[in-house]
Amino acid sequence: MLYGEMDDENENREMLEELNNKSNLRKKAIICGVIVLCCVVVMTISIIVSVRMKNNNSNEPKQVSSVTQDKKDQKKKKSATYEGEHMQIAEHDMNQIQLKFVPKENPNAQQQITDIYYSDEKVAYLTFDDGPSKNITPRVLDILKQENVPATFFVLGSRVELNPDLLRRTYEEGHYIANHGYSHEYSKIYTSKDTVFEEYVKTEQAIRVALGNPNYNTHLFRFPGGSSGGRYDSVKAEAKGLLRDYGINFTNWNCLTGDAEGRTNTDSLMECLIQTMEGDGAIIVLMHDASDKSYTADALPSVISYLREQGYSFKNFYEIFK
Ligand SMILES: [Zn+2]
């Protein structure tokens, strides 16, 4: 019996031990399973995160360029905005660059420009129309720099778009940037007073883009071929009124070298200058820096030295818009 009882007890202990071992094994298996599961989850999450980061990085340039494109589109839209029947001088959302000197609005400018013609002061305003051009404008700028002479450039919007770097150089070397319209095609610009104004605005926009400043304003226009006369005289007269409504001033010239009138060498250009100086007063001298005006650049040192000999000093239109 005792043996039998002892056997039973042993058997029970063995069974209990076996049960304990089995439950320990199960616990270990569960713990291992949980650990493996955790590892798998952590690895999966880290793989997903790294893949997403890679995608984000490769998308970055695309996002930036699409934002830039959006801004470009906005600019296009804004610069094509009309207010009423006239094109509005639009505000850009470009990154604004600090400019050293910006022409300032002057309510008396038109009168002061007219007064230049009647001034006895020996001051010469050298002006260059129809640029910037790749071959002539740099030559003109080099001479002006060498002679330390400030000048005024009446630029064409279409040429500014082709040569923004030259416009920037002209500006940075202290010359006055003024507006000469966009196309210089009389049949286009003088279709109506509105087309004159539209060409003015388009050129202002081109200048602003080239200089990288949305607030640049030339305040000054020169009509291609002059502000009156010829077959477009009545359109010019109406356009003058419209420009004045917008506070835009204009100037012609009272002296010229004849470089757009068939004179093609220094002697004949100097002859024209001397003939048209008309006495001793202030002069606004018409010249050109278009691509076919190499003789203008050739004659420029003689023009400057002659005027100096005659007692002239040189100014540009910052004198009026300061
Ligand atoms: Zn011109």
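Residues numbered from 1 in each chain as written. Predicted model: local features only at pLDDT ≥ 70, side-chain atom pairs only at ≥ 80, totals over all residues.

A look at the packing of helix α9 (residues 266-276) against helix α10 (residues 294-309)
- Relative to each other, α9 and α10 sit at 50°, their axes nearing to 9 Å. In terms of their interaxial angle, α9 and α10 are classed as oblique. Read as a crossing pair, α9 and α10 show a hand that is right-handed. On the side of α9, the interface is formed by Thr266, Leu269, Met270 and Leu273, while α10 contributes Tyr295, Asp298, Ala299, Ser302, Val303 and Tyr306.
- Residues belonging to the contact of α9 with α10 are distributed by class as follows: seven nonpolar, two polar and one charged. (Axes fitted to C-alpha atoms, helices over the stretch in contact; angles between N-to-C directions. Helix = DSSP H or I, 4+ residues; strand = E, 2+ residues; numbered from the N terminus. Parallel < 35°, antiparallel > 145°, perpendicular 65-115°, else oblique. Left-handed = near helix turned anticlockwise from the far one by under 90°. Contact = placed C-beta atoms within 7 Å. Nonpolar A, V, L, I, M, F, W, Y, C, P; charged D, E, K, R; others polar.)

What to know about the confidence of the model for the protein
- For the protein, per-residue confidence averages 82 on the pLDDT scale, and 70% of positions sit at 70 or higher.
- In the model, residues 1-5 has pLDDT below 50 throughout and makes zero contacts with residues more than four positions away in sequence or in other chains.
- Scored below 50 in pLDDT, residues 53-95 shows 27 contacts in the model against residues more than four places distant or in partner chains. (pLDDT = per-residue confidence, 0-100.)

Considering unusual backbone geometry
- With omega at 0°, the peptide bond leading from Gly131 into Pro132 counts as cis.
- One non-glycine residue, Asp130, lies in positive phi territory at about 80°.
- Turning to its location among the elements, Asp130 is positioned in the loop between β3 (123-129) and α3 (137-147).
- For Asp130, a count of 23 C-beta atoms within 10 Å gives the class buried.
- One non-glycine residue, Asn148, lies in positive phi territory at about 55°.
- When you line up the elements, Asn148 lands in the loop between α3 and β4 (152-155). (Buried ≥ 20, exposed ≤ 12 C-beta atoms within 10 Å, placed from the backbone.)

Points about the nonpolar core
- Of all hydrophobic cores here, the largest spans 65 residues; its most connected members are Val155, Leu167, Ile177, Ile207 and Val285.
- Counting residues per element, this core draws most heavily on helix α7 (residues 193-211), which supplies nine residues.
- Apart from residues no more than four positions distant in its own chain, Ile207 is found in contact with Val155, Val160, Leu167, Ile177, Tyr216 and Thr218. (Core = buried A, V, L, I, M, F, W, Y, C linked by C-beta atoms within 7 Å.)

Comments concerning the packing of α3 against helix α5 (residues 164-172)
- Relative to each other, α3 and α5 sit at 15°, their axes nearing to 11 Å. On the basis of the axis angle, α3 is roughly parallel to α5. The interaxial crossing formed by α3 with α5 has left-handed handedness. Contacts between α3 and α5 involve Thr137, Pro138 and Leu141 from the former and Leu166, Arg169 and Thr170 from the latter.
- Per-class residue counts for the contact of α3 with α5 are three nonpolar, two polar and one charged.

As for α5
- What α5 keeps buried is the set Leu166, Leu167, Thr170 and Tyr171. Down the axis of α5, the buried set is contained in an arc of 140°. They therefore lie on one face. Exposed positions of α5 whose direction lies more than 90 degrees from the buried face are Asp165 and Glu172.
- Buried residues along α5 sit against α3, β4, α4 (157-162), β5 (176-179) and α7.
- Trailing α5 by a residue or two, Gly174 shows a phi angle of about 90°, which is positive. (Arc of directions from axis to C-beta.)

Concerning the environment of Gly212
- Position of Gly212 among the secondary structure elements: in the loop between α7 and β6 (220-221).
- A C-alpha to C-alpha distance of 9.1 Å links Gly212 and Arg168, two positions 44 residues apart in sequence.

Let's talk about the pairing of β3
- In terms of burial, β3 is largely enclosed, as six of its seven residues are buried.
- As paired strands, β3 and strand β10 (residues 313-314) are joined by two bridges and run parallel to one another. When the bridges of β10 are listed, Ala124 appears paired with Phe314.
- Across six bridges, β3 lies against strand β9 (residues 283-288) in parallel orientation. The residue bridging Asp129 from the neighbouring strand is His288, located in β9.
- Direction of pairing for β3 relative to β4: parallel, over a ladder of three bridges. Counted as the bridge partner of Thr127 is Thr152 from β4. (Pairing = 2+ DSSP bridges.)

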